[in-house]
Amino acid sequence: MRQAFAVARKDLLIEIRARLLLVRVAPFALLVLVLFAVALDSEPLILRAAAGLVWLTMLFSVLLLVQRAYDVETEDDALEMLLTSTVEPTQLFFGKLLAAFVQLLVLSVLLVCGAVVLYGATVTAGHLVLLVTTVSCAAWGLASVGTLYGAVVANMNGRDSLLALLALPVLAPVLIGASRATEAAFGSQTIDTASGWAWVALLAVFALVFSAAGAAAFGALMEPEA
Amino acid sequence: MSRSTGTTVTRVIGISAALLLAWVVVSAFFVTPADAQQGDAVRIMYAHVPAAWVAYLAFVTTAIASGFSLARRHRTLGFDRVAGASAETGVLFMGLALVTGSLWGRLTWGTFWQWDPRLTTTLFLFVTYVGYLAVRNIDSDPQRRAKRSAVLALLAVLEIPLVHFSVVLWRSLHQEASVLNPDGDVRLDGSMLFTLFSGVVAFTLVFVWLVIHRQRLSTLQDLQQGAGLDAAIAARRNEVSTRSVGGA
């Protein structure tokens with residue numbers, strides 16, 4: 001795991017120094033929240049949709065983060081260098097996954113605050129555990145799918161639009177599950193806490209399945225050309 | 001090299017598919033009775049069900065061929081071409097199934113679309129394979145393309161049960177749709193069942209015929225590209241050798 005932590009540390013250091021999350025992704029995400037509110041134009045409707053809108057925004061932001069994470073690697077063939085320096089592909093996958101996960105956590109805290117301030121969503125202390133678990137499981141799922149599909153399209157022409165086309169259908173379960181669980185955590189009348197936890201279970205299974213799939217597939221994806 | 005991708009086998013398959021399809025058309029419109037509740041709308045079934053069946057068959061074929069292409073060291077490109085050809089045909093038939101299905105839905109349920117788990121999963125599956133084809137269409141080295149698309153096809157196998165399960169869970173928490181029940185009962189009598197079965201066989205034959213041709217076509221494409229590259233390398237070599245002769 002040491003290599004994975006080293007890769008994650010490297011990615012996060014680049015991120016902290018370049019401040020891309022702060023200056024581009026976070027403002028973009030908040031802007032999307034504002035635009036949704038403008039488009040729906042009805043306060044009860046916005047409050048009802050708050051959880052779904054937060055997670056839809058997260059889905060879009062993942063695409064930006066993942067593109068960035070792989071642009072850093074493909075410029076100057078940094079990826080080849082990493083692999084030549086005997087970093088295991090599996091470790092590389094978990095390292096990049098971890099870095100993306102940390103960034104997504106930061107972003108989700110920001111977006112939940114945004115939903116509280118802009119949409120009037122409320123989080124009571126009793127629902128906080130549910131919310132934190134939901135966010136962690138969903139962010140892990142988003143990060144694993146993003147890291148995996150980012151590697152599939154890395155180095156391809158037109159990879160930006162391709163990543164969206166490939167990753168968004170896969171992320172549908174995360175969107176459905178995280179939205180419902182967050183809705184429960186926001187104290188919605190239509191969904192109770194127990195079904196909120198059922199959705200968290202789905203998110204956890206999703207995160208596990210795609211972490212395992214990514215670890216298995218990364219070897220084949222990173223294999224040097226014959 | 002022959003100028004066509006047809007052989008005796010494909011001609012036999014093609015002709016039997018055409019004959020069987022003609023029979024299905026005649027039978028669907030003139031032999032089978034109209035449904036007691038749905039009337040003539042039920043005749044859409046003879047195109048819709050076989051199209052959906054072929055689409056799922058195509059995606060299973062793609063997954064299996066991709067597994068072989070990834071697992072084996074030799075002939076990976078052959079399996080990769082079968083996977084690609086099958087996915088392309090599958091997307092075509094899934095599009096057909098979605099269009100005929102929503103027309104049928106308009107006639108029987110009153111709406112083009114319902115957020116029923118089966119429909120929603122099918123739609124996600126369709127988009128997933130459109131993405132798969134988009135990756136295949138990007139120019140890159142065939143070996144690399146084979147590996148990437150095999151990984152994608154196998155990931156889709158993981159994705160679909162998860163999507164389906166989450167949509168089922170999602171719908172079960174909502175109130176039931178107020179429109180007609182999606183599993184509108186159609187009682188099938190002998191001639192209807194026979195026509196439906198012929199339709200499935202005919203569409204499967206069309207699928208096999210298309211996949212064989214498409215796979216041969218991509219073999220030719222790869223060969224032609226390879227020949228182009230060889231010619232370019234030879235031309236460059238010539239250029240370099242004449243220049244070095246001139247310089248000496």
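See the structure printed just above.
Since the structure is predicted, the reported quantities are computational estimates derived from the model, not experimental observations.

Caption draft 1: Highlighting the overall build of chain A. Counting secondary structure elements, chain A contains 9 helices and 0 strands. When the helices and strands of chain A are listed from N to C terminus, the series reads α-α-α-α-α-α-α-α-α. Here chain A has a C-alpha radius of gyration of 18 Å; the compact-globule value for 226 residues is 17 Å, and the two agree. Seen through its principal axes, chain A has C-alpha atoms that stretch 60 × 30 × 30 Å. The 226 residues of chain A split such that 47% are buried.

Caption draft 2: Representation of helix H7 (residues 159–170) of chain A. For H7(A), which comprises 12 residues, the first-to-last C-alpha distance of 17 Å matches the rise-based estimate of 16 Å (1.5 Å per residue) to within 8%. Looking only at H7(A), the buried set comprises Arg159(A), Leu163(A), Leu166(A), Ala167(A), Leu168(A), Pro169(A) and Val170(A).

Caption draft 3: Molecular detail of unusual backbone geometry. Although it is not a glycine, Asp41(A) adopts a positive phi angle of roughly 55°. Looking at the secondary structure, you find Asp41(A) in the loop between helix H2 (20–40) and helix H3 (43–74).

Caption draft 4: Representation of the nonpolar core within the structure. Judged by nonpolar contacts, the single largest core of 130 residues is most densely connected at Ala50(A), Val54(A), Ala100(A), Leu142(A), Ala167(A), Leu203(A) and Ala55(B). Among the elements that line this core, the one with the most residues is helix H6 (residues 128–153) of chain A, at 15 residues. If sequence neighbours within four positions are ignored, Leu142(A) has contacts with Met58(A), Val62(A), Leu104(A), Leu171(A) and Val174(A).

Caption draft 5: Structural context of the packing of helix H3 (residues 76–108) of chain B against helix H4 (residues 117–137) of chain B. Residues and elements named next belong to chain B. With their axes 10 Å apart at the nearest point, H3 and H4 run at an angle of 145° to one another. Of the two elements, H3 crosses H4, and the hand of that crossing is left-handed. Packed against H3, whose contacting residues are Gly84, Ala87, Glu88, Gly90, Val91, Met94, Gly95 and Leu98, the element H4 presents Thr122, Leu123, Leu125, Phe126, Tyr129, Val130, Tyr132, Leu133 and Arg136 at the interface. For the contact of H3 with H4, the residue count by class is 11 nonpolar, 4 polar and 2 charged.

Caption draft 6: Highlighting the environment of Val102(A). By the secondary structure assignment, Val102(A) is in helix H5 (residues 89–119). Since 17 C-beta atoms lie within 10 Å of it, Val102(A) is described here as partly exposed.

Caption draft 7: Representation of the interface of chain B and chain A in the model. The interface of chain B with chain A comprises 24 residues on the first partner and 23 residues on the second. At the level of elements, H4 and helix H5 (142–172) of chain B are the ones that each hand at least two residues to the side of chain B that touches chain A. The dominant element in the side of chain B that touches chain A, judged by the number of residues it contributes, is H5(B), at 14 residues. Of the residues belonging to the side of chain B that touches chain A, the class tally is 15 nonpolar, 4 polar and 5 charged.

How each quantity is defined
Residues numbered from 1 in each chain as written. Chains lettered and ligands numbered in written order. Predicted model: local features only at pLDDT ≥ 70, side-chain atom pairs only at ≥ 80, totals over all residues. Helix = DSSP H or I, 4+ residues; strand = E, 2+ residues; numbered from the N terminus. Rg over C-alpha atoms; globule rule 2.2 N^0.38 Å. Buried ≥ 20, exposed ≤ 12 C-beta atoms within 10 Å, placed from the backbone. Expected span 1.5 Å × (residues − 1). Core = buried A, V, L, I, M, F, W, Y, C linked by C-beta atoms within 7 Å. Contact = placed C-beta atoms within 7 Å. Axes fitted to C-alpha atoms, helices over the stretch in contact; angles between N-to-C directions. Left-handed = near helix turned anticlockwise from the far one by under 90°. Nonpolar A, V, L, I, M, F, W, Y, C, P; charged D, E, K, R; others polar.

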